[in-house]
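The residues making up each chain are set out below.
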Amino acid sequence: MLPIRLACYGLRSVAANCKRINIGSFSKITREFSSDERPQFPGSRSQWTEKLEFIRPDLYDGIPVYRVMDRKGQVIDPSQDPQLPQDMVIKMYKCMTQLNTMDRILYESQRQGRISFYMTNYGEEGTHIGSAAALDPKDLIFGQYREAGTLMWRGFTLDQFMNQCYGNVDDGGKGKQMPVHYGSKELNFVTISSPLGTQMPQAVGAAYSYKRAQNGLCVMCYFGEGTSSEGDAHAALNFSATLDCPVIFFCRNNGYAISTPSKEQYRGDGIAGRGPAYGMLTIRVDGNDVFAVYNATMKARQVALSEMRPVLIEAMTYRIGHHSTSDDSTAYRSVDEVRYWDERDHPISRLRNYMLSKGWWGDVQEKEWKEDCKRQVMTAFARAEKKLKPNWKEIFTDVYHEMPTHITEQMKQMEEHVQKYAEHYPLKNFSKDSSI
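A short tour of the structure in this document, coming up. The structure presented is a predicted model; accordingly, all values stated were derived computationally and were not measured.

Quick notes on the side chain of D289
Reasoning step 1: With respect to the helices and strands, the residue D289 is situated in the loop between β7 (281-286) and α9 (290-306).
Reasoning step 2: For the buried D289, no salt bridge is present, and the opposite-charge side chain at shortest range is R350, 4.1 Å distant.

Right, here's the structure in full:
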């Protein structure tokens, strides 16, 4: 595997002149002290000092961002090129562009009142595909709500995406979830839940069970930089480290949590700066570089399984679209800022340039794929829109393995109500079949 370094970055003691400590000299000095002269406080690895100095967060180097390609799609260090086969790279590109196409169509469908809600993935496609491609298909994924590309990579079909967003009779969740709250037991993707951070401690528990089972698999947990402010995030990171769980925490730092810029949400060096404090291997990666994300995730998975410990990846990217259809991002950021990321630093154009330099892609393929891709998405969209909604009785199912008495009574009351006032309900839009 490529020699990527996942470093445990920590705060350096900062002297008045702000120079770095010479690690070799520091080790020599520490050996001169006997164990009795060193602090014996549990949980720290410190030395005594007689200088009254506070550690200043603004006077040490930030954690570097690992990358493979520059903004033009040129590989900077050939040793870091993962040398993926042509068909795999083309699949990456097609997944990223198909996700982009699906986003455009479903976003507009919400604006037309056809579905109730939607969240796009514009600008973050590289974080989805690069990370998903590096995992074992059997690894368990806990997503937040903007990881549709990981499911697409694993084989979640356009029909499945559309059926879920419409909540129709073929929706795997039987219409119980908001749009974009996908899930797939077959693809080892835990169903999305709206509250931020709930998936993080759950992922730790799953990883701990994998550790005990010794099944050779790990858990991937996605979250945004906004979620990192939730209490669940801190609890999860700490538990994963103390329990030595094979889990990868993948933070998509896209600059904004709904409408809050990252600079207003925290004062430290991003999310990666928190990893060492919890005793976790940590790396910061260019999230718009699909190969950098792939390499970092691949190495993180190897470490998580070989050393049975958690790894934190912070993928630096940018949310080009609005947070959701309930958001207007022009209220808190400029159009020029968004245009820069869309035109100058987009993960899709970067990968396209890489393929062009290899001779793997061209204008003809691009034109044909765009037409075919749009046709596939529109066809699936039309199919989903024509399907009936699930039978209304499905409201009462699947909460319990066996329906308890009070739920049965509620369903009976509902049935009597619907029969009495049938003319006031659009029953023709709902399936007559149910799992009951």
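Section: the pattern of salt bridges
Pairing between side chains becomes possible if they bear opposite charge and their charged atoms approach one another.
Reasoning step 1: What the rule picks out here adds up to 23 salt bridges.
Reasoning step 2: One salt bridge in this structure joins R309 and E307, with 3.3 Å as the shortest N-O distance.
Reasoning step 3: Judged by its relative accessible area of 44%, E307 falls in the partly exposed class.
Reasoning step 4: For the salt bridge of E366 with R352, the shortest nitrogen-to-oxygen distance reads 3.7 Å.

A short note on the packing of helix α2 (residues 86-111) against helix α11 (residues 347-358)
Reasoning step 1: Direction vectors running N to C along α2 and α11 enclose 150°, while the axes themselves pass 10 Å from each other. Between α2 and α11, the angle falls in the class roughly antiparallel. Both α2 and α11 take part in a crossing whose hand is left-handed. Within the contact between the two elements, α2 uses V89, I90, M92, Y93, M96, T97 and N100 and α11 uses P347, I348, L351, R352, Y354 and M355.

Observations regarding the nonpolar core
In a soluble, globular protein the nonpolar side chains are often hidden away together inside.
Reasoning step 1: Within the largest apolar cluster, 75 residues are counted, with the highest numbers of intra-cluster contacts made by M92, M102, Y118, Y182, F291 and L351.
Reasoning step 2: Ranked by residue count, the leading element in this core is α2, at 12 residues.
Reasoning step 3: Once residues lying within four places of it in the same chain are set aside, the contact partners of M92 are L84, I129, A133, W153, V290, F291, Y294 and L351.
Reasoning step 4: Formed by 24 residues, the second largest nonpolar core is a distinct cluster that contains A203, L237, A241 and I271.

Comments concerning the side chain of D345
Reasoning step 1: Turning to its location among the elements, D345 is positioned in the loop between α10 (335-344) and α11.
Reasoning step 2: For D345, a relative accessible area of 7% translates into the label buried.
Reasoning step 3: Of note is the side chain of D345, whose polar atom sits 3.3 Å from the side chain of R71.
Reasoning step 4: Look past the residues within four positions of D345 in its chain and what remains in contact with it is R71, N288, Y340 and R350.

A short note on the environment of P390
Reasoning step 1: Mapping P390 onto the fold places it in the loop between α12 (363-386) and α13 (405-420).
Reasoning step 2: P390 gets classed as buried once you look at its relative accessible area, which sits at 12%.
Reasoning step 3: Linking P390 and S229, residues 161 residues apart in sequence, is a C-alpha distance of 37 Å.
Reasoning step 4: Not counting residues up to four positions away in its chain, the partners in contact with P390 are G167, N168, V169, K174, G175, F430 and S431.

Procedures and definitions
- Residues numbered from 1 in each chain as written.
- Predicted model: local features only at pLDDT ≥ 70, side-chain atom pairs only at ≥ 80, totals over all residues.
- Heavy atoms only, no water.
- Helix = DSSP H or I, 4+ residues; strand = E, 2+ residues; numbered from the N terminus.
- Buried < 20%, exposed > 50% of the residue type's maximum accessible area, 1.4 Å probe, protein only.
- Lys, Arg positive; Asp, Glu negative; His and termini not counted.
- Salt bridge = Lys/Arg side-chain N within 4 Å of Asp/Glu carboxyl O.
- Axes fitted to C-alpha atoms, helices over the stretch in contact; angles between N-to-C directions.
- Parallel < 35°, antiparallel > 145°, perpendicular 65-115°, else oblique.
- Left-handed = near helix turned anticlockwise from the far one by under 90°.
- Contact = heavy atoms within 4.5 Å.
- Core = buried A, V, L, I, M, F, W, Y, C linked by side-chain atoms within 4.5 Å.
- Polar contact = N/O pair within 3.5 Å; in protein donor to acceptor, adjacent residues only side chain to side chain.

Everything listed is a geometric property; what it means functionally is a separate question.
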